[in-house]
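Observations on the three-dimensional arrangement
Below, each chain spelled out in residue letters.
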Amino acid sequence: MRRLPARERLHSLRWRLLAALCAAVLLLWLLTGVLSYTRAQHEAEELMDGSLAQTARLLLAILGDNEDDLAELAARLATVRGAADNVYEPPLEFQIGRGDGTILARSDNAPPIPVLGVAGYSDILRQDTSWRVLNRVSADGRYRVQVSQSIGLRDRAALEVAGQTVLPLAVIAPLLVLFIYLSIVRGLRPLERLAAEVSARSPDNLQPLAVRNIPTEAAPLAAAIDRLLQRVGRALDNERRFTADAAHELRTPLAAVKVQTQVARRSREADQRDHALEQIECGVDRASRLVDQLLRLARLDPMNALPHAERVDLRTLVEEAVATALHADPAEQRSVRCELPEGDLHVVGDADLLQIALRNLLDNALRYTPVGSHITVVVQEAGGDLVNLLVRDDGPGVSVDVLGRLGERFFRGAGQAIEGNGLGLAIVARIAELHGARMRARNLPGGGFEIGLTGLRR
């Protein structure tokens, strides 16, 4: 694994996890160490207090009727004293006295403290040394025993015991951090394999990822990458199809323009030359219209949703489209009108795209219906919150085999005398799909033809 620069570590999932877990482990180790140390120190002090109490009871038991031997008791006990530097055997100092406070025997280093103190434990400072003192009285009150222990030695002993308790934690913590690090590295290895798989892909390899044993948390990422590869594949297919379609469809009008240009150049008669120039103009118009529609399809194909969905007023949109259609047919060879219900006619969509779709439908109706036909733009309720936007005419309709292929790109029915490129309805179908609707075409029972967008949402 390569060493990341400090700036990259801030954005590295591995280092973030490691830092967070290590911080948690170290904090837990610190709290555990403090609690263990405090508890161990307390237990060590309790243990040494117990030793003081046991020694006091033994001294009281020894006394009995052996008061004459007390002079030798201190000397005999001095022979069994622990080493001064042994923290586990801190020396005990004692004084033995009568009930009236008279001292009968004492150890050499016992602090000069009156034995008449209150029975029990107490901390006393004598000669710049702190002592833990226990006073005990015999049952009959004849004797008093005072046992002392240097607090400094007790603290050393407690520190040693507590330190030995915490030491294993100090050894375990680094091992735990190392284990966490190795676990994170191992756990993130599938992501590294996933990244290596993606990095090693050639631009033309858009097959689904073949990484095995992907963790559950990384599966959505792999699935998202596969979906992205599918979308990229579709986009590339659309570009290839666009290029092929453009090359195929532009070849005919450009060839016609070239032929008519040669005719105009060689023509000696003005009428023939004017006719050739008129055909050149028509060819240029056709090529321009084809390029415009190809570019429009190329813009619509990659979309997965509407770029600017908003509330669109169908009433205004239909009226503008009808006015544009009437302007395109100044001779009024066909009548164009609209049927709009009362009330709110707003739908959710893209106004520009819906305008393009409606204009294409009206353009087809104007181009392919006979002179004198009637064309109607209809907005109708479709139940619930759905609305249909339809264009009807009283023309001859289309054959059944052609009806099923309307909307296919570059498809035109056989025997069509009207010039076209078969892209207008393909654009309408794509716009309907982006709006969550569909393009529907049918021959009317009483004659005529109907086509439009069904299922637009309010």
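Residues numbered from 1 in each chain as written. Predicted model: local features only at pLDDT ≥ 70, side-chain atom pairs only at ≥ 80, totals over all residues. Heavy atoms only, no water.

What follows concerns the overall build of the chain. When helices and strands are counted, the chain shows eleven helices and twelve strands. A total of 458 residues make up the chain; the buried ones form 36% of that total. In the chain, once contacts between residues fewer than 6 apart in sequence are set aside, the share between residues at least 24 apart is 63%. Put simply, the chain shows about 27000 Å² of open surface, and 56% of that area lies on carbon and sulfur atoms. (Helix = DSSP H or I, 4+ residues; strand = E, 2+ residues; numbered from the N terminus. Buried < 20%, exposed > 50% of the residue type's maximum accessible area, 1.4 Å probe, protein only. Contact = heavy atoms within 4.5 Å. Areas by Shrake-Rupley, 256 points an atom, 1.4 Å probe, with all protein chains shown as cover.)

Over its 37 residues, helix 4 (residues 151-187) extends 53 Å from the first C-alpha to the last, a length consistent with the 54 Å expected when each residue adds 1.5 Å. In the structure, helix 4 departs most strongly from a straight axis at threonine 165, where the bend amounts to approximately 30 degrees and where the proline proline 168 lies between one and four residues downstream. If you check which residues of helix 4 are buried, you get Ile151, Leu153, Arg154, Ala157, Ala158, Ala162, Val166, Ala173, Ile180, Ile184 and Val185. Its buried side turned inward, helix 4 meets helix 2 (13-63), strand 3 (120-126), strand 4 (129-137), strand 5 (143-150) and helix 5 (189-199). (Expected span 1.5 Å × (residues − 1). Bend = angle between axes of the 7 residues up to and from the residue.)

Once that is clear, we can look at the sheet that holds strand 2 (residues 103-106). Strand order in the open sheet formed by five strands is 2-1-5-4-3, and the pairing between neighbours is antiparallel. Each end of this open sheet is capped by a strand with a single partner; those strands are strand 2 and strand 3. Along the sheet, successive strands turn relative to each other by an average axial angle of 25 degrees, direction set aside. Bridge count for strand 4 against strand 5 is seven bridges, and the pairing is antiparallel. Looking at the pairing, arginine 136 lines up with valine 145 of strand 5. Contacting strand 1 (93-98), strand 3, strand 4 and strand 5, helix 2 crosses the sheet at an angle of about 150 degrees to strand 5. Of the strands in this sheet, strand 3, strand 4 and strand 5 are in contact with helix 4, which crosses strand 5 at around 55 degrees. (Pairing = 2+ DSSP bridges. Axes fitted to C-alpha atoms, helices over the stretch in contact; angles between N-to-C directions.)

For the rest of this paragraph, the subject is the packing of helix 9 (residues 351-368) against helix 11 (residues 424-434). Between helix 9 and helix 11, whose axes approach to 9 Å, the crossing angle comes to 145 degrees. In this structure, helix 9 crosses over helix 11, and the sense of that crossing is left-handed. Facing helix 9, whose interface residues are Leu353, Leu354, Ile356, Ala357, Asn360, Leu361 and Asn364, helix 11 presents Gly424, Leu425, Ile427, Val428, Ile431 and Leu434. Tallied by class, residues from the contact of helix 9 with helix 11 come to ten nonpolar, three polar and no charged. (Left-handed = near helix turned anticlockwise from the far one by under 90°. Nonpolar A, V, L, I, M, F, W, Y, C, P; charged D, E, K, R; others polar.)

In this section: the pairing of strand 5. When a strand is regular, its side chains alternate between the sheet's two faces. Taken across its eight residues, strand 5 has eight buried, putting it largely inside the fold. Where burial is concerned, the two faces of strand 5 agree: the one with Tyr143, Val145, Val147 and Gln149 and the one with Arg144, Gln146, Ser148 and Ser150 are both buried. For strand 1 and strand 5, the ladder comprises six bridges, and the chain directions are antiparallel. Directly across from phenylalanine 94, in strand 5, lies its bridge partner valine 147. Between strand 4 and strand 5, which pair antiparallel and follow one another directly, the connecting turn spans five residues, one of which, glycine 141, has a positive phi of 75 degrees.

Looking at the chain, the pLDDT average stands at 76 and 80% of residues meet or exceed 70. Between the elements of the chain, mean pLDDT differs from a low of 50, seen in helix 1 (residues 6-9), to a high of 90, seen in strand 10 (residues 386-393). (pLDDT = per-residue confidence, 0-100.)

It is worth spelling out the environment of leucine 13 at this point. Note on placement: leucine 13 falls in helix 2. On the accessibility criterion, leucine 13 (47% relative accessible area) is partly exposed. Between the C-alpha atom of leucine 13 and that of leucine 188, which follows or precedes it by 175 residues, the distance is 8.9 Å. Each residue touching leucine 13, except ones within four places of it in the same chain, is listed here: Leu188 and Leu191.

To continue, consider the environment of valine 115. On the secondary structure map, valine 115 appears in the loop between strand 2 and strand 3. When its relative accessible area of 2% is taken as the criterion, valine 115 is described as buried. Apart from residues lying up to four places away in sequence, valine 115 is in contact with Gln95, Gly101, Ile103, Asn135, Arg144 and Gln146.

Our next topic: a nonpolar patch on the surface. On the surface, Leu13, Leu17 and Leu21 cluster together into a nonpolar patch covering about 240 Å² of accessible area. Structurally, the position occupied by leucine 21 is in helix 2. (Patch = residues over 30% accessible without salt bridge, like charges linked within 9 Å, V, L, I, M, F, W, Y side chains within 5 Å. Salt bridge = Lys/Arg side-chain N within 4 Å of Asp/Glu carboxyl O.)

A word on a negative patch on the surface. Where like charges cluster on the molecular surface, the negative patch consists of Glu269, Asp271, Asp274, Glu278, Glu281 and Asp285. With respect to the secondary-structure elements, aspartate 274 resides in helix 7 (residues 270-300). (Lys, Arg positive; Asp, Glu negative; His and termini not counted. Charge placed at Lys NZ, Arg CZ, Asp CG, Glu CD.)

Of the strand pairs in this sheet, strand 3 and strand 4 are connected by seven bridges, and their pairing is antiparallel. What sits directly across from glycine 120, in strand 4, is asparagine 135. If you look at the hairpin formed by strand 3 and strand 4, you'll find two residues sitting between the two strands, and glutamine 127 has a positive phi there, around 55 degrees.

To continue, consider the pattern of salt bridges. Inspection of the entire model under this criterion finds ten salt bridges. Arginine 132 is the partner of aspartate 123 in a salt bridge, and the nearest nitrogen-oxygen pair spans 3.1 Å. The closest approach of N and O atoms between glutamate 339 and arginine 337, which form a salt bridge, is 3.3 Å. Assessed through its relative accessible area of 33%, glutamate 339 is described here as partly exposed. Within this structure, Arg392, Arg440, Arg442 and Glu450 form a network of salt bridges that share partners.

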